[in-house]
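An overview of the molecular structure
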Amino acid sequence: MNKQELLKIKKKALEEKIPIIMDDTLEVIEKYLKKDKPKRILEIGTAVGYSAICFTEFLAENGVIDTIERDEKRAREARENIKKAEVEEKINIYEGDAIEILPKLNEKYDVIFIDAAKGKYTFFLNEALRMVNKNGIIFADNILYKGYVLSDYNKHKQRTAVRNLREYIKETSENPNLETEILEVGDGLAVSKIL
Ligand SMILES: C[S@@+](CC[C@H](N)C(=O)[O-])C[C@H]1O[C@@H](n2cnc3c(N)ncnc32)[C@H](O)[C@@H]1O
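Residues numbered from 1 in each chain as written. Predicted model: local features only at pLDDT ≥ 70, side-chain atom pairs only at ≥ 80, totals over all residues. Heavy atoms only, no water.

1. Description of the overall build of the chain
Across its full length, the chain holds 7 helices and 7 strands. Listed N to C, the secondary structure of the chain is α-α-β-α-β-α-β-α-β-α-β-α-β-β in terms of helices and strands. In terms of overall size, the chain behaves like a compact globule, its C-alpha atoms giving a radius of gyration of 16 Å where 195 residues would be expected to give roughly 16 Å. Reported as C-alpha extents along the three principal axes, the dimensions of the chain are approximately 45 × 35 × 30 Å. When contacts within the chain are restricted to residue pairs at least 6 apart in sequence, long-range pairs at least 24 apart make up 68% of them. Surface summary for the chain: the accessible area is close to 10,500 Å², and the carbon and sulfur share equals 46%. (Helix = DSSP H or I, 4+ residues; strand = E, 2+ residues; numbered from the N terminus. Rg over C-alpha atoms; globule rule 2.2 N^0.38 Å. Contact = heavy atoms within 4.5 Å. Areas by Shrake-Rupley, 256 points an atom, 1.4 Å probe, with all protein chains shown as cover.)

Written out as structure tokens, the structure is:
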């Protein structure tokens, strides 16, 4: 991977206020993946490809990442960025709405990273549970959403998102096949290991 290019991609994304994964969140994910390097990662929410490019460093040899983005302009920029970072052979972008794309996927994944519309996290979870391998991990970023999720906040237009994120935490915590931790890194990261 071309690290110089990665730094440029990160700088541009931050300047343009594109929400990319935070450094501390990335570090935590790296720690989880260090021991058993994943062969296949699914990402929901590519943006401009920054996190997917970073994740290529965590892959096992010949590992691949599938990533989904519905915004045409961002998907195009992600393709360009992936090329610049010289990791084209490791990342496959599905362009379109994950709500439509996920039910059509029938692959198995060692790691699934949920980082898209917050009001759809429980839908993404159910699709992830269908495709994740045993001993795999599902990560969900922004799970604490600026602290709204654990406070008594329940007004405004974010209400649907907050309700859905709370439901995600409830479902993952109560599922006997999962071991879930909610970490206060970045904007909150849910880590669910498949038992
Ligand atoms: C937080 S950004 C992803 C950041 C990226 N993972 C990174 O860290 O570099 C969320 C992205 O998900 C996309 N998105 C939101 N809902 C989606 C959906 N239903 N299907 C596909 N993409 C979606 C948005 O367009 C946005 O680019």
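Resuming the write-up.
2. Points about the pattern of salt bridges
For the structure shown, the criterion picks out 12 salt bridges. Because the salt bridges share partners, they merge into one network encompassing Lys12, Glu16 and Glu77. (Salt bridge = Lys/Arg side-chain N within 4 Å of Asp/Glu carboxyl O.)

3. Things to note about helix H2 (residues 23-34)
Helix length check: H2 (12 residues) gives 16 Å between terminal C-alpha atoms against 16 Å at 1.5 Å per residue, within 8%. Among the residues of H2, those classed as buried are Thr25, Leu26, Val28, Ile29 and Leu33. Along the axis of H2, the buried positions cluster into a sector of 160°, meaning they face one direction only. Exposed residues pointing more than 90 degrees away from the buried face of H2 are listed as Lys31 and Lys34. Residues of H2 that are buried in the fold lie against helix H3 (50-55), strand S4 (109-114), strand S5 (132-141), strand S6 (178-183) and strand S7 (189-194). (Expected span 1.5 Å × (residues − 1). Buried < 20%, exposed > 50% of the residue type's maximum accessible area, 1.4 Å probe, protein only. Arc of directions from axis to C-beta.)

4. Considering the packing of aromatic side chains
Within this structure, the stated rule accounts for 6 aromatic pairs. With a centroid separation of 5.9 Å and 40° between ring planes, the pair formed by Phe55 and Phe58 is classed as tilted. Judged by relative accessible area, which is 8%, Phe58 ranks as buried. Taking the centre distance of 5.8 Å and the plane angle of 65° together, the rings of Tyr121 and Tyr168 count as edge-to-face. On the criterion of sequence distance, the pair formed by Tyr121 in helix H6 (residues 121-131) and Tyr168 in helix H7 (residues 159-174) is long-range, its members being 47 residues apart. Through pairs of rings, three or more aromatic residues link up here, namely Tyr121, Phe123, Phe124 and Tyr168. Above the ring of Tyr145, the side-chain terminus of Lys118 is found at 4.6 Å from the ring centroid. (Phe/Tyr/Trp six-rings, centres within 6.5 Å; stacked < 30°, edge-to-face > 60°. Lys NZ or Arg CZ within 6 Å of the ring centre and 35° of its normal.)

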